[in-house]
Amino acid sequence: MADDPQRNFRSAYYEKVGFRGVEEKKSLEILLKDNPLDLEKLSTFSQRFPLPSMYRIHVWKVLLGILPPHGDSHTLVGGYRKEQYQDILEALEVMRYINSSTPSTHVYLRMFQLESQVLPRCSETSPPDEENEDFLSISRAMEEIVDDPVDCYWLIKCFVNQFHTKFGDSIPHLPKSLEHYLSQEEPRLLNHLKNTGSLAQLPYSLWFRRCFAGCLPESSLQRVWDKVISGSCKILVFVALEILLSYKIILMGINRPEGVIRFLCNIPQENTDAIVTKAIDLWHKYCGTPMHAV
């Protein structure tokens, strides 16, 4: 499809006057009128642009398979999802795994374990292991993004399942990928991290298993999750890369691994939107921009 000069002029004008995304919002609205919805086009859109907040949860639900592509089935399927949620909740209450004082994130964990057939015996329940802590971190972040508990549980469950199914084999290779791109962007910082013994101890679980839940505030995190949900785990590498680049001067002044880890696990929260924007630019620079035509 040839570029439309008039459209390009309008996009440039909107961006110049501060209305970046006006055209993109219109494009998404056109995509959402398709019946059935075109999952490939929705994924490509989500890879190229940030999702408008008013449509984000709906698009996530479609891309994660919580809602089907056929729009006329959404109300019916949404009703089934709510019934299933209530059934699982009641089963856990009857079995006394949860009660009115159980934190909602722990309720979601027990629901997930029951559905995954890995629910421990009541007598054997112990503090959450690392995998469960990953789930709880993602749950806490999703709770800040989604108000409805039914939607929240389904989004957590399907996000975690999709992440492990699609990217489980790739996750162990992400630290090496980060090292490669850091060598391209800032070799001096890479050498410093190696020489101080920090490189091997970077918070990879926080970054690559929890997808930055508990690291970035939700306003920034949801823009990263747009890319993960629509099919890219590589974006996680570039967010980690941009965090390292943004705090290069501070990190170069820290000579002990524990100091580096402490700082990276508690990065300042005020400029994370800029970090995510630069990370997405780096991702497009190295991995290309998906093509999309409405």
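Residues numbered from 1 in each chain as written. Predicted model: local features only at pLDDT ≥ 70, side-chain atom pairs only at ≥ 80, totals over all residues. Heavy atoms only, no water.

Chemist: Explain the overall build of the protein to me, and be specific about the residues and the numbers.
Modeler: From N to C terminus, the protein includes 16 helices and 0 strands. Taking all contacts inside the protein whose residues are at least 6 apart in sequence as the whole, residues at least 24 apart take part in 70%. (Helix = DSSP H or I, 4+ residues; strand = E, 2+ residues; numbered from the N terminus. Contact = heavy atoms within 4.5 Å.)

Chemist: For the pattern of salt bridges, give the residues involved together with the corresponding values.
Modeler: Counted under the stated rule, the structure contains 11 salt bridges. Across the salt bridge formed by Lys-25 and Glu-29, the nearest N and O atoms sit 3.1 Å from each other. Remark: Glu-29 and Lys-25 occur in helix α2 (residues 22–32); sequence separation between them is 4 residues, near one turn of the helix. Residues Lys-61 and Asp-151 are paired through a salt bridge, measuring 3.1 Å at the closest nitrogen-oxygen approach. Of the two residues, Lys-61 sits in helix α4 (residues 53–63) while Asp-151 sits in helix α8 (residues 149–167), which places them 90 residues apart along the sequence. Residue Lys-61 is classed as buried on the basis of its relative accessible area of 14%. Residues joined in a network through salt bridges with shared partners are Asp-134, Arg-209 and Arg-210. (Salt bridge = Lys/Arg side-chain N within 4 Å of Asp/Glu carboxyl O. Buried < 20%, exposed > 50% of the residue type's maximum accessible area, 1.4 Å probe, protein only.)

Chemist: Tell me about α4, residues and numbers included.
Modeler: Looking only at α4, the buried set comprises Tyr-55, Arg-56, Val-59, Trp-60, Lys-61, Val-62 and Leu-63. At the exit of α4 stands Gly-65, carrying a positive phi of roughly 80 degrees.

Chemist: Explain a negative patch on the surface to me, and be specific about the residues and the numbers.
Modeler: On the surface, a cluster of negative charge is made up of Glu-83, Asp-87, Glu-90 and Glu-93. Inspection of the secondary structure assignment puts Asp-87 in helix α5 (residues 74–94). (Patch = residues over 30% accessible without salt bridge, like charges linked within 9 Å, V, L, I, M, F, W, Y side chains within 5 Å. Areas by Shrake-Rupley, 256 points an atom, 1.4 Å probe, with all protein chains shown as cover. Lys, Arg positive; Asp, Glu negative; His and termini not counted. Charge placed at Lys NZ, Arg CZ, Asp CG, Glu CD.)

Chemist: An account of the packing of aromatic side chains is requested, with residue identities and associated values reported.
Modeler: Aromatic ring pairs: the centre-centre distance and the angle between the two ring planes describe each pair. In this structure the tally under the stated criterion is 17 aromatic pairs. Relative to Tyr-286, the ring of Tyr-181 has its centre 4.8 Å away and its plane inclined at 55 degrees; by these criteria the two rings are tilted. With Tyr-181 in helix α9 (residues 174–185) and Tyr-286 in helix α16 (residues 272–287), the pair connects residues that are 105 residues apart, well separated along the chain. A relative accessible area of 9% places Tyr-181 in the buried class. Judged by relative accessible area, which is 28%, Tyr-286 ranks as partly exposed. (Phe/Tyr/Trp six-rings, centres within 6.5 Å; stacked < 30°, edge-to-face > 60°.)

Chemist: How would you sum up the nonpolar core? Please name residues and give values.
Modeler: Core analysis: the biggest nonpolar cluster contains 94 residues, and Trp-207 and Trp-225 have the highest contact counts within it. It is α8 that contributes the most residues to this core, 11 residues altogether. Beyond its immediate chain neighbours, meaning those up to four positions away, Trp-207 contacts Leu-178, Leu-202, Phe-212, Cys-215, Leu-236, Ala-240, Ile-243, Leu-244 and Leu-264. (Core = buried A, V, L, I, M, F, W, Y, C linked by side-chain atoms within 4.5 Å.)

Chemist: Before we move on, can you summarise the packing of helix α7 (residues 130–145) against α8 with the specific residues and values?
Modeler: Running from amino to carboxyl end, α7 crosses α8 at an angle of 135 degrees, the nearest separation of the two axes being 10 Å. In this view, α7 runs oblique relative to α8, as classed from their interaxial angle. The handedness of the crossing between α7 and α8 is right-handed. From α7, Phe-135, Ile-138, Ser-139, Met-142 and Glu-143 reach across to α8, where they touch Cys-152, Leu-155, Ile-156, Phe-159 and Val-160. Partitioned by chemical class, the residues of the contact of α7 with α8 number 8 nonpolar, 1 polar and 1 charged. (Axes fitted to C-alpha atoms, helices over the stretch in contact; angles between N-to-C directions. Parallel < 35°, antiparallel > 145°, perpendicular 65-115°, else oblique. Left-handed = near helix turned anticlockwise from the far one by under 90°. Nonpolar A, V, L, I, M, F, W, Y, C, P; charged D, E, K, R; others polar.)

Chemist: Give me the lowdown on α5, citing residues and values where you can.
Modeler: Relative to the 30 Å expected for 21 residues at 1.5 Å per residue, α5 spans 30 Å between its end C-alpha atoms, a close match to the ideal helical length. All of the buried residues in α5 are His-74, Val-77, Tyr-85, Ile-88, Leu-89 and Leu-92. Take α5 and look down its axis: the buried residues cluster within an arc of 115 degrees, on one side only. In this structure, α5 carries Thr-75, Leu-76, Glu-83, Asp-87 and Val-94 as exposed residues pointing more than 90 degrees from its buried face. Buried residues in α5 make contact with α4, α6 (104–115) and α8. Looking one or two places after α5, you find Arg-96, whose phi comes out positive at around 65 degrees. (Expected span 1.5 Å × (residues − 1). Arc of directions from axis to C-beta.)

Chemist: How would you sum up the confidence of the model for the protein? Please name residues and give values.
Modeler: Of the residues in the protein, 89% reach a pLDDT of 70 or more, and the chain-wide mean stands at 91. Below a pLDDT of 50 lies the segment residues 1–19, which in the model reaches 12 contacts outside its immediate sequence neighbourhood of four places, other chains included. (pLDDT = per-residue confidence, 0-100.)

Chemist: Go over the state of the cysteines, please, and point to the residues and values.
Modeler: One pass over the structure, following the stated rule, counts 0 disulfides. The thiol of Cys-211 is not disulfide-bonded; the next cysteine sulfur, from Cys-233, is found 8.7 Å away. For Cys-211, a relative accessible area of 0% puts it in the buried group. (Disulfide = S-S within 2.5 Å.)

Chemist: Mind laying out the environment of Ile-261, listing which residues take part and the relevant values?
Modeler: Structurally, the position occupied by Ile-261 is in helix α15 (residues 257–264). Not counting chain neighbours up to four residues away, the residues in contact with Ile-261 comprise Ser-198, Gln-201, Leu-202 and Pro-203.

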